[in-house]
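# Structural description and commentary
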Amino acid sequence: MGSGEPAGRARCWQRWQASRDPSAARWPPSSIAKDFLGAAMTLAIVGAIVLQATDRLASPCGAGTNPRPGPGACSGVSAFAHHVAGAVTLFAIACGALAAAAFVWYMFWGYKSTGQAGGNRDAAGSS
């Protein structure tokens, strides 16, 4: 039993050493294009959610629900949301435009950096 333990430990160590070998990568290489596209899409979704929340909070101040709001109808959080509604709308539009531009960029040029276009990124970078 004593002679079996070192062999087991050696195999475990060999597996650990092999996992540190950069040529034996488990996952495909990271792509900056995909990361940027994912971040832009996430930002666009968050911008849309914030826009919806701001519109809901600012609804007591709007002319659609009450044409003549009383003095206390538009105060506090509703007044603040009504005040920043334009900036939040521009932010959501900018996030959507950034996501659309990132998508178009990735479709035309970004996928080539991951090596999916038939070439190897390492071979292309070394020449």
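This text gives an overview of the structure that appears in the document. In this text, all values refer to a predicted model and were calculated from it rather than measured experimentally. (Residues numbered from 1 in each chain as written. Predicted model: local features only at pLDDT ≥ 70, side-chain atom pairs only at ≥ 80, totals over all residues. Heavy atoms only, no water.)

## Notes on helix α2 (residues 32-58)
An α-helix turns once every 3.6 residues. As a result, residues three or four positions apart point the same way. For α2, which comprises 27 residues, the first-to-last C-alpha distance of 38 Å matches the rise-based estimate of 39 Å (1.5 Å per residue) to within 8%. The inward-facing, buried residues of α2 abut α3 (77-108). (Helix = DSSP H or I, 4+ residues; strand = E, 2+ residues; numbered from the N terminus. Expected span 1.5 Å × (residues − 1). Contact = heavy atoms within 4.5 Å.)

## Some words on a nonpolar patch on the surface
A cluster of nonpolar side chains, contributed by Phe 36, Leu 43, Phe 91, Leu 98, Phe 103, Val 104, Trp 105, Met 107, Phe 108 and Trp 109, occupies part of the molecular surface with about 980 Å² of accessible area. Of all the elements in the fold, those that place two or more residues in the nonpolar patch are α2 and α3. The biggest single contributor to the nonpolar patch is α3, with seven residues. Tracing the backbone through its elements, the reader meets Phe 36 in helix α2. (Patch = residues over 30% accessible without salt bridge, like charges linked within 9 Å, V, L, I, M, F, W, Y side chains within 5 Å. Areas by Shrake-Rupley, 256 points an atom, 1.4 Å probe, with all protein chains shown as cover. Salt bridge = Lys/Arg side-chain N within 4 Å of Asp/Glu carboxyl O.)

## Description of the state of the cysteines
Inspection of the entire model under this criterion finds one disulfide. For Cys 61, the disulfide goes to Cys 74, at an S-S distance of 1.9 Å. Judged by the sign of its S-S torsion, about 100°, the cystine formed by Cys 61 and Cys 74 is right-handed. In this pair, Cys 61 is assigned in the loop between α2 and α3 and Cys 74 in the loop between α2 and α3, connecting sequence segments 13 residues apart. Accessibility expressed as a relative area gives 30% for Cys 74, which makes it partly exposed. (Disulfide = S-S within 2.5 Å. Buried < 20%, exposed > 50% of the residue type's maximum accessible area, 1.4 Å probe, protein only.)

## So, the side chain of Thr 54
Along the chain, Thr 54 turns up in helix α2. The exposure class assigned to Thr 54 is buried, which follows from its relative accessible area of 9%. Aside from chain neighbours lying at most four places away, what touches Thr 54 is Ala 81, Val 84, Ala 85 and Val 88.

## Thoughts on the packing of aromatic side chains
Counted under the stated rule, the structure contains two aromatic pairs. Centre to centre, the rings of Phe 36 and Trp 105 are 6.5 Å apart; their planes meet at 90°, and the pair counts as edge-to-face. Of this pair, Phe 36 sits in helix α2 while Trp 105 is found in helix α3, placing the two residues 69 residues apart along the sequence. Trp 105 gets classed as partly exposed once you look at its relative accessible area, which sits at 36%. Pairing Phe 108 with Trp 109 gives two aromatic rings, centres 5.6 Å apart and planes at 50°, and the pair type is tilted. Taking the relative accessible area as the measure of exposure, Phe 108 reaches 51% and is therefore exposed. Among the residues examined, Trp 109 registers a relative accessible area of 53% and is labelled exposed. (Phe/Tyr/Trp six-rings, centres within 6.5 Å; stacked < 30°, edge-to-face > 60°.)

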